[in-house]
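Here is how the chains run, residue by residue.
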Amino acid sequence: MMNKIKLLFTLLSLILVLFVSGQQDSKLDFRPFSDMYDNPASLVNTRMWRANINYRNSLPGFEDGPESYYFGLGGPIGLNKSVSNITYRHAYTRRKVARYGLGAYVIKDTYGHFGYNSYIINYAQRFKLSSDYSFALGLGTGIYNYFIRTNHLNVKYKNDPTYYQYLNGQDRFLLGDLNLGFIFTGRNFQFGFATRHVMNNNVKIGNTPEYAELNETYTAFTKATFRIDPNVIMIPSVEGRYTEGIPYDLKISAPFVFHEMFMAGLGVSMNKSFAVETGVYKRGIFFGYSFTLNTSELSSFSDLSHQLGISYILPVTPKAQEKFSIADALF
């Protein structure tokens, strides 16, 4: 009966979240490898420090198509009292949860003649509500470095004054950046909300022009855990994002974890794409691969996108690495 109630909760949550891919931001939707990118509060939902690498090629074979490179490092600072959780080993296992989280990430994203680098430091803190429920707040701050790749431009007349005034002279700018998020966590479900680029265009660094600005991006998610049998866990989720001026999107994922070390699942972005996500964990390394079939008009010139993710579990001790499972990364 409880499983039916949790499943109903997950399905009803579909109407509560929005998801869109902002053109000003990289679309990193392979969540186990870039959680704090979308919500800095996710740092407290882990018991291990992890180094994450994520690469996405959205339009393979298309010249100057979108490419994203992500490196993140983060984990818990302190551990609270143990609480019940069904996503690790057994339903009756008790595990410690983080009280604080600290991390940072770097992103390099390019598309066409444009691109950006983002450097963000994240902090998160958990507030306990009861033995089964808590909520976490997260803060990320850093620099957003936008640039025009002038070496990728084909300019017929190099001495054109327009080129020198508007492109060659102002092909790079820096903005201060601020991200906020929260996550509410129960024994076997979570939901959260976050906003990126809160400062918009209020903090300009150097010779950044007045017209430079970042539109706020709003993200939301909900997910739950269901133990199908002793060796299979399902962790469905709904993830959303909205940026002003960009069409809405919604992603529904249904990953399964087998024997705590294999992952396979499906993801559907409404009216945009269909993804197959896979992963394997062994000796401290979690490797994942996702390929996406585009179902939008993009399919007229590119049907497939690729995304690779690698996590390395820290500290580098056999005991710490043995305690980690893919279910921990997903939930």
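Structure's up top.
Residues numbered from 1 in each chain as written. Predicted model: local features only at pLDDT ≥ 70, side-chain atom pairs only at ≥ 80, totals over all residues. Heavy atoms only, no water.

**A short note on the overall build of the protein**
Cut-off, in case you're wondering: In this description a helix means any DSSP run of H or I spanning at least four residues, a strand means any run of E spanning at least two, and both kinds are numbered starting from the N terminus. Classification of residues uses two cut-offs on accessible area relative to the type maximum, computed with a 1.4 Å probe and protein chains only: under 20% is buried, over 50% is exposed, and between them is partly exposed. Note on contacts: a residue pair is in contact if any heavy atoms of the two residues lie within 4.5 Å.
The secondary structure content of the protein amounts to five helices and 19 strands. Looking at the protein residue by residue over its 331 residues, the buried ones come to 50%. Expressed as a percentage of contacts within the protein between residues at least 6 apart in sequence, the contacts between residues at least 24 apart total 60%.

**What about the nonpolar core?**
Applied cut-off: The definition of a nonpolar core used throughout is a set of buried Ala, Val, Leu, Ile, Met, Phe, Trp, Tyr and Cys residues joined through side-chain atoms within 4.5 Å.
Judged by nonpolar contacts, the single largest core of 23 residues is most densely connected at Tyr37, Tyr70, Tyr105 and Ile107. If you look at the next biggest cluster of nonpolar residues, it comprises 17 residues, including Ile235, Tyr281, Phe286 and Phe324.

**Details of the pairing of strand β18 (residues 285–294)**
Counted only if it meets this: Two strands are said to pair when DSSP picks up at least two bridges between them.
Along β18, the buried face is formed by Phe286, Gly288, Ser290, Thr292 and Asn294; none of Ile285, Phe287, Tyr289, Phe291 and Leu293, which line the opposite face, is buried. Examined bridge by bridge, strand β17 (residues 273–282) and β18 share ten bridges and lie antiparallel to one another. Each bridged residue has a counterpart across the sheet, and for Phe274 the counterpart in β18 is Leu293. Between β17 and the antiparallel strand that follows it, β18, lie two residues; Arg283 among them carries a positive phi value of about 50 degrees.

**Re the packing of aromatic side chains**
In this description, a pair of aromatic rings is defined by centroid distance and the angle of the planes. Rules: Paired rings are identified among Phe, Tyr and Trp, the last through its six-membered ring, by centres lying within 6.5 Å, and are further divided according to the angle between planes into stacked (under 30 degrees), edge-to-face (over 60) and tilted (the rest). Criterion for a charge above a ring: Lys NZ or Arg CZ within 6 Å of the ring centre, and within 35 degrees of the ring normal.
Counting across every chain of the model gives 18 aromatic pairs. Considering the side-chain rings of Tyr116 and Tyr144, the 4.6 Å spacing of their centres and the 10 degrees angle between planes classify their relative orientation as stacked. Remark: Tyr144 occurs in strand β7 (residues 134–148) and Tyr116 occurs in strand β6 (residues 114–128); sequence separation between them is 28 residues. Classification of Tyr144 by relative accessible area gives buried; the value is 2%. With a centroid separation of 5.2 Å and 25 degrees between ring planes, the pair formed by Phe127 and Phe135 is classed as stacked. Of the aromatic side chains, those joined through ring pairs into one cluster are Tyr133, Phe184, Phe189 and Phe191. Stacked on the ring of Tyr37, the Lys or Arg Arg196 has its end atom at 4.2 Å from the ring centre.

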